[in-house]
Amino acid sequence: MAQTFHWGIIGPGKIAHQFAQDLEQVPGAKLLGVAGRNMERARRFADVYQAPHAFDQVDDLLALPELDVVYVATPHTQHAANTISCLQAGKAVLCEKPWAINSSEAELMAHVARENKVFLMEAIWTRFLPTTQQILSIIKEGTIGEVQSVKADFGFRVLEPDPESRLFNPALGGGALLDIGLYPVFLSQLLLGSPNDVHAHARLTSTGVDTETNIILDYGNDQVANLHCTFGANTKTEAFIYGSKGTIHWHGRWHEPTHFSVLLPGQGPENYFFDYESHGYSYETQRVQECLAEGLTECPELPLDFSLRMTRLLDAIRLKAGIIYPQDKPK
């Protein structure tokens, strides 16, 4: 009989709804309970997805003995505290990105996970998409040669910015970089590793968060990444991976399971299309369950050290761009 994993969700917001919908498609996954600040909202969420438990206190969710793993979907600034509570309770965690506001929080989270020998992974769902797996395979085969540069963007227009909203409030970790710029930064780190030098410029709001950030990462050896994120325009949201022999063009909404083309000199594009019937979170969820079934405390494809390096890189970008959060200031 296949193993059943009982999931909990902390933070019944928009992304949690999408995650719960995808969870229903994952074999062996069962939503056991949800915790939120508002009991009525948590109960409505639980009713929609037929979860037997709803709470307005995280500790009550973590007290369920049959709970195996928790998806943390609260605002950025609550990720570290929620994750640490889960880990100390012995519950595996899939924490929504960014898993921490800064590297100080991230290092503490990783330390607690390792000290308690409990599984922890940042929910960078793009890492597990079929498109990503196929692209990595093509690069490994040498089809486009050595990767020389990466160009990626992510942007959408916010028509009426609200300084108190999650996107613009610094106390909630607002700004384009941590919300959507993380995707281009992730791609550059996945393909090129950690850069030698960071250049960044941001357009800041009156609240101090970025509505647009431009980033150039220098890796030496003639390797470079040119990255962009914005709340000010509906960009094409595409990515290009330039190699010594050819190019991969990851088409619009590239961070989702869409399609891409391989472009080689003197040849027409070779197109790869991917059909999917979910929001895309089912792939990371399935991989978490596989890791838990194997008794792993880290995912080989997305280990804690990868997320730690990326958080430090995001810190370096923010430092260059002048993006400062209350959590960055000495207490």
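The structure under discussion appears in the preceding block.
Before going into details, it helps to say that this report is about the structure given with it.

**Regarding the overall build of the protein**
Scanning the protein for helices and strands turns up nine helices and 14 strands. Against the globule reference of 20 Å for 331 residues, the protein gives a C-alpha radius of gyration of 20 Å, in line with a compact fold. Judged by the C-alpha coordinates and their principal axes, the protein covers about 60 × 50 × 40 Å. Taken across its 331 residues, the protein has 56% of its residues classed as buried. Of the contacts made within the protein by residues no fewer than 6 positions apart, 66% connect residues no fewer than 24 positions apart. When the accessible surface of the protein is summed, it comes to about 14600 Å², and 49% of that surface belongs to carbon and sulfur atoms. One finds the centroid of the 26 positive side-chain charges in the protein at a distance of 3 Å from the centroid of its 39 negative side-chain charges.

**Focus on the sheet that holds strand 11 (residues 239-243)**
Spatial ordering of the open sheet is given by 8-9-10-7-11-12-13-14, a layout of eight strands whose pairing is mixed. Whereas interior strands pair on both sides, the edge strands pair on one side only; in this sheet they are strand 8 (197-204) and strand 14 (270-273). Averaged over all neighbouring strand pairs, the angle between strand axes comes to 10°, with direction disregarded. Alignment of strand 7 (residues 147-155) against strand 11, held across five bridges, turns out to be antiparallel. Directly across from Val 150, in strand 11, lies its bridge partner Ile 241.

**Side note on the layout of surface pockets**
Reported here for the largest pocket is a volume of approximately 1100 Å³. Gly 13, Lys 14, Ile 15, Ala 73 and Arg 166 are, among the 39 residues lining the largest pocket, the residues nearest its centre. Residue assignment for the lining of the largest pocket shows that the elements contributing at least two residues are helix 1 (14-23), helix 4 (79-88) and helix 7 (176-192).

**Considerations on helix 5 (residues 103-116)**
Between its terminal C-alpha atoms helix 5 stretches 20 Å, which fits the 20 Å expected from 14 residues at 1.5 Å a residue. In this structure, the buried residues of helix 5 make contact with helix 4, strand 5 (92-96), strand 6 (120-123) and helix 9 (304-321). N-capping of helix 5 is provided by Asn 102, with a side-chain oxygen placed 3.3 Å from the backbone N of Ser 104. Phi turns positive one or two residues past the end of helix 5, at Lys 117, with a value near 55°.

**Side note on the nonpolar core**
What tends to happen in soluble globular proteins is that the nonpolar side chains get buried as a cluster. If you look at the biggest cluster of nonpolar residues, it comprises 86 residues, and the most contacted ones within it are Trp 7, Ile 9, Leu 31, Ile 248 and Phe 260. Ranked by residues supplied to this core, first place goes to helix 7 with 12 residues. Phe 260 has contacts with Thr 131, Gln 134, Ile 135, Ile 138, Ile 248, His 249, Trp 250, His 251, Glu 270, Asn 271, Tyr 272 and Phe 274, leaving out every residue within four places of it along the chain. In terms of nonpolar packing, the next biggest core, distinct from the first, is built from 27 residues, Leu 62, Val 112, Val 118 and Leu 308 among them.

**Overview of the pattern of salt bridges**
Overall, the coordinates contain 12 salt bridges when judged by the stated rule. One salt-bridge network, in which partners are shared between bridges, spans Arg 114, Glu 298 and Asp 305.

**Here's the deal with helix 6 (residues 130-140)**
Of all the positions in helix 6, only Thr 131, Thr 132, Ile 135, Ile 138 and Ile 139 are classed as buried. Projected down its long axis, helix 6 carries its buried residues within an arc of 125°, all on one side. Where helix 6 is buried, its residues contact strand 7, helix 7, strand 11, strand 12 (247-250), strand 13 (259-263) and strand 14. Looking one or two places after helix 6, you find Gly 142, whose phi comes out positive at around 85°.

**Topic: the sheet that holds strand 5**
Sheets are built from strands paired through backbone hydrogen bonds, the pairs being either parallel or antiparallel. As summarised here, the arrangement of the six strands in space is 3-2-1-4-5-6, forming an open sheet in which the pairing is parallel. Both edges of this open sheet fall to strand 3 (53-55) and strand 6, since each of them pairs with a single strand only. Within this sheet the neighbouring strands show an average axis-to-axis angle of 25°, counted without direction. The strands that helix 1 touches are strand 1 (5-10), strand 2 (29-35), strand 4 (69-72) and strand 5; relative to strand 1, the one it contacts most, it runs at about 170°.

**Comments concerning the side chain of His 255**
Position of His 255 relative to the elements: it lies in the loop between strand 12 and strand 13. Those residues within four positions of His 255 in sequence are excluded, and the remaining contacts are Trp 125, Thr 126, Leu 129, Phe 154, Tyr 183 and Thr 237.

What counts, and at which threshold
- Residues numbered from 1 in each chain as written.
- Predicted model: local features only at pLDDT ≥ 70, side-chain atom pairs only at ≥ 80, totals over all residues.
- Heavy atoms only, no water.
- Helix = DSSP H or I, 4+ residues; strand = E, 2+ residues; numbered from the N terminus.
- Rg over C-alpha atoms; globule rule 2.2 N^0.38 Å.
- Buried < 20%, exposed > 50% of the residue type's maximum accessible area, 1.4 Å probe, protein only.
- Contact = heavy atoms within 4.5 Å.
- Areas by Shrake-Rupley, 256 points an atom, 1.4 Å probe, with all protein chains shown as cover.
- Lys, Arg positive; Asp, Glu negative; His and termini not counted.
- Charge placed at Lys NZ, Arg CZ, Asp CG, Glu CD.
- Pairing = 2+ DSSP bridges.
- Axes fitted to C-alpha atoms, helices over the stretch in contact; angles between N-to-C directions.
- 1 Å grid on protein atoms, 1.4 Å probe; cavity = no way out; pocket = protein on both sides within 12 Å on 5 of 7 lines; lining within 4 Å.
- Points joined across faces, edges and corners; volume = space filled by probe spheres on them.
- Expected span 1.5 Å × (residues − 1).
- Polar contact = N/O pair within 3.5 Å; in protein donor to acceptor, adjacent residues only side chain to side chain.
- Core = buried A, V, L, I, M, F, W, Y, C linked by side-chain atoms within 4.5 Å.
- Salt bridge = Lys/Arg side-chain N within 4 Å of Asp/Glu carboxyl O.
- Arc of directions from axis to C-beta.

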